[in-house]
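Residue-level structural notes
Listed here are the chains, written in short residue letters.
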Amino acid sequence: MNTKYEPIFQSFTFPSGVDVKNRIMIAPMTHYSSQSNGEISEQELLYYAERSGGVGAVITACAYVSLDGKGFQDQFSVDDDSFIPGLKKLAETIQSKGAKAILQIYHGGRQSPPSLLPDGQPISASAVASEGEGKPVPREMTETEINNTIKAFGDATRRAVEAGFDGVEIHGANTYLLQQFFSPHSNRREDQWGGSLEKRMTFPLAVVESVKKAVAEYAKKPFIIGYRISPEEGSTPGITLEDTLQFVDKLADQKLDYLHVSVNHFWNGSFRDKSHSQSRIVKIHEKVGSRVPVVGVGSLHTPDEVVEALETGVPLIALGREMLMEPKWIEKIQAGQEDQIRTTLSKKDQKELVIPDPLWQRLMNIVGWLPVVD
Ligand SMILES: Cc1cc2nc3c(=O)[nH]c(=O)nc-3n(C[C@H](O)[C@H](O)[C@H](O)COP(=O)(O)O)c2cc1C
């Protein structure tokens, strides 16, 4: 292996005590291929087995914590104990290849397509549709629904512990329910769950508390709790980078194992305020300091690009689309074959890349997601 890539291969110990053998995590990626009842499928297990051999940790696709938060066709579920055996298979598949297994736990809120919901009615902080033509108007959640959802995140964490996962990642990003409570666009409440920036943090922080409580009660060994945020949103009004810097300051004091900053490009500055051109990930890393490790992500493909990102001091890097195109990313670097790392998706390679059909169809059809070649 070329010695310039050594920074990628340094082990890392999370604050909880769980360690990983290198600095690369697989970013959470939905595969739309679970069984229709929410159980993990055989083709998903094969997809994970193919990718878990080299990386330090795998963050799974998002699993819904309650049926009223299901967000994708054939998404998998962590909303009932009956799913624990399937989840156990998923954790074991990842761990048997040498990676730590982290389950992403999720509620879609107003982004849930009505057709996937039992009563066809998405719910959210307030009855405000997301921007865009024809978006459904969600129903404002009642106090009871809010408390039930907070509990559902705790219950999902207990199931992740019982299924043998090494951790959970709370999905607070990408416009889903936790972000909807923090956003001034989707949260217009005037009760304890909204009204000021501080109060808009109440729901996500209550979810963190619920998850921590479940870990304290059920985990018999160190267990990772990560939190994923999106630093900005494009709507008016919308979350600004300034809002996020205040939020991460609070999150940094929650004794989390990591803060995962979800952006499309690691190096991009603010898109709302062009005068802030510094990478948002690096800015957040500087804000939280040594209080919580930051996971960076976004359009990093080659080992040289990843080393450059690690040089900022951000300790961990997640790779998403790159791990779809090149499941053996780590192994090829170790073998000195970094020049053979694929950074495009060939239409002929579905079988070799072990990508389930429904995910493959989307990758082929959604223009701009991945560089697809013949
Ligand atoms: C097919 C696909 C599915 C995704 N599903 C999720 C998901 O379930 N949860 C999530 O937080 N992000 C999801 N993302 C976003 C990725 O985790 C990641 O942040 C994004 O792809 C940018 O990183 P990359 O440039 O390394 O791909 C998904 C991305 C892709 C391409």
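Rules behind the numbers
- Residues numbered from 1 in each chain as written.
- Predicted model: local features only at pLDDT ≥ 70, side-chain atom pairs only at ≥ 80, totals over all residues.
- Heavy atoms only, no water.
- Helix = DSSP H or I, 4+ residues; strand = E, 2+ residues; numbered from the N terminus.
- Rg over C-alpha atoms; globule rule 2.2 N^0.38 Å.
- Buried < 20%, exposed > 50% of the residue type's maximum accessible area, 1.4 Å probe, protein only.
- Contact = heavy atoms within 4.5 Å.
- Near = heavy atom within 4 Å.
- Polar contact = N/O pair within 3.5 Å; in protein donor to acceptor, adjacent residues only side chain to side chain.
- Areas by Shrake-Rupley, 256 points an atom, 1.4 Å probe, with all protein chains shown as cover.
- Nonpolar A, V, L, I, M, F, W, Y, C, P; charged D, E, K, R; others polar.
- Pairing = 2+ DSSP bridges.
- Axes fitted to C-alpha atoms, helices over the stretch in contact; angles between N-to-C directions.
- Core = buried A, V, L, I, M, F, W, Y, C linked by side-chain atoms within 4.5 Å.
- 1 Å grid on protein atoms, 1.4 Å probe; cavity = no way out; pocket = protein on both sides within 12 Å on 5 of 7 lines; lining within 4 Å.
- Points joined across faces, edges and corners; volume = space filled by probe spheres on them.
- Phe/Tyr/Trp six-rings, centres within 6.5 Å; stacked < 30°, edge-to-face > 60°.

Focus: the overall build of the protein chain
- A tally of regular secondary structure across the protein chain gives 13 helices and 14 strands.
- Taken over C-alpha atoms, the radius of gyration comes to 19 Å for the protein chain, in line with the 21 Å a tight globule of 374 residues would show.
- Counting the 374 residues in the protein chain, one finds 57% classified as buried.
- If you take every contact in the protein chain between residues at least 6 apart in sequence, the share linking residues at least 24 apart comes to 69%.

Considerations on the site of the ligand
- Around the ligand there are 17 residues in total, and Pro28, Thr30, Arg228, Ser299 and Arg321 lie nearest to it.
- Contacts to the ligand include Thr30, whose side-chain N or O atom sits 2.6 Å from an oxygen atom.
- With the chains in place, 92% of the 610 Å² that the ligand exposes on its own is no longer accessible.
- A per-class count over the shell around the ligand returns eight nonpolar, seven polar and two charged.

A word on the sheet that holds strand S3 (residues 24–26)
- Taken in spatial order, the eight strands of this closed barrel run S3-S4-S5-S8-S9-S10-S11-S12, and their pairing is parallel. Shown here is a sheet whose adjacent strand axes are inclined to one another by a mean of 30 degrees, direction ignored.
- Where strand S5 (residues 100–106) lies against strand S8 (residues 167–172), four bridges are found, and the strand directions are parallel. Opposite Gln104, over in S8, you have Glu169 as the bridge partner.
- Contacting strand S4 (57–64) and S5, helix H2 (residues 84–96) runs over the sheet at an angle of about 140 degrees to S5.

Some thoughts on the environment of Pro237
- Locating Pro237 in the fold gives a position in the loop between strand S9 (224–229) and helix H7 (241–251).
- For the pair Pro237 and Pro184, spaced 53 residues apart in the sequence, the C-alpha separation amounts to 6.0 Å.
- If we skip the residues at most four places from it in the chain, Pro237 touches Pro184, His185 and Arg188.

Here we look at the nonpolar core
- Counting residues in each nonpolar core, the largest one holds 103 residues, and the members touching the most others are Ile8, Leu103, Ile105, Phe165, Tyr227 and Trp329.
- With residues up to four places along the chain from it excluded, the contact list for Tyr227 reads Ile170, Gly172, Leu178, Pro204, Val208, Phe247, Leu251, Leu256, Tyr258, Leu259 and His260.
- If you look at the next biggest cluster of nonpolar residues, it comprises 15 residues, including Phe12, Val18, Ile102 and Ala318.

Observations regarding empty space enclosed by the protein
- One pass over the full model with this rule turns up three cavities of 30 Å³ or more.
- Volume-wise, the largest cavity comes out at about 70 Å³.
- Taken together, Gly172, Leu178, Gln179, Phe182, Tyr227, Ile229, Ser230, Ile239, Thr244 and Phe247 make up the full set of residues lining the largest cavity.
- Breaking the lining of the largest cavity down by element, the ones donating at least two residues are helix H4 (177–182), S9 and H7.
- Per-element accounting of the lining of the largest cavity gives the leading share, three residues, to H4.

Considerations on H7
- Looking at H7, one finds that the buried residues are Leu241, Asp243, Thr244, Leu245, Phe247, Val248 and Leu251.
- Residues of H7 that are buried sit in contact with H4, helix H5 (197–200), helix H6 (202–218), S9, strand S10 (258–261) and helix H8 (280–288).

Things to note about the side chain of Ser126
- Within the fold, Ser126 resides in the loop between strand S6 (123–124) and strand S7 (139–140).
- By relative accessible area, Ser126 is classed as buried at 3%.
- Of note is the side chain of Ser126, whose polar atom sits 2.7 Å from the backbone nitrogen of Arg188.
- Aside from chain neighbours lying at most four places away, what touches Ser126 is Pro138, Glu140, Ser186, Asn187, Arg188 and Arg189.

A word on the packing of aromatic side chains
- Scanning the entire structure with this criterion turns up 12 aromatic pairs.
- Measuring from ring centre to ring centre gives 4.1 Å for Phe181 and Phe203, while their planes differ by 25 degrees; the resulting arrangement is stacked. With Phe181 in helix H4 and Phe203 in helix H6, this pair connects stretches of sequence that are 22 residues apart.
- Phe181 sits in the buried class, given a relative accessible area of 0%.

A short note on unusual backbone geometry
- Between Thr236 and Pro237 the backbone carries a cis peptide bond, its omega angle lying at -10 degrees.
- Phi is positive for Lys255, close to 60 degrees, though the residue is something other than glycine.
- Looking at the element boundaries, Lys255 is found in the loop between H7 and S10.

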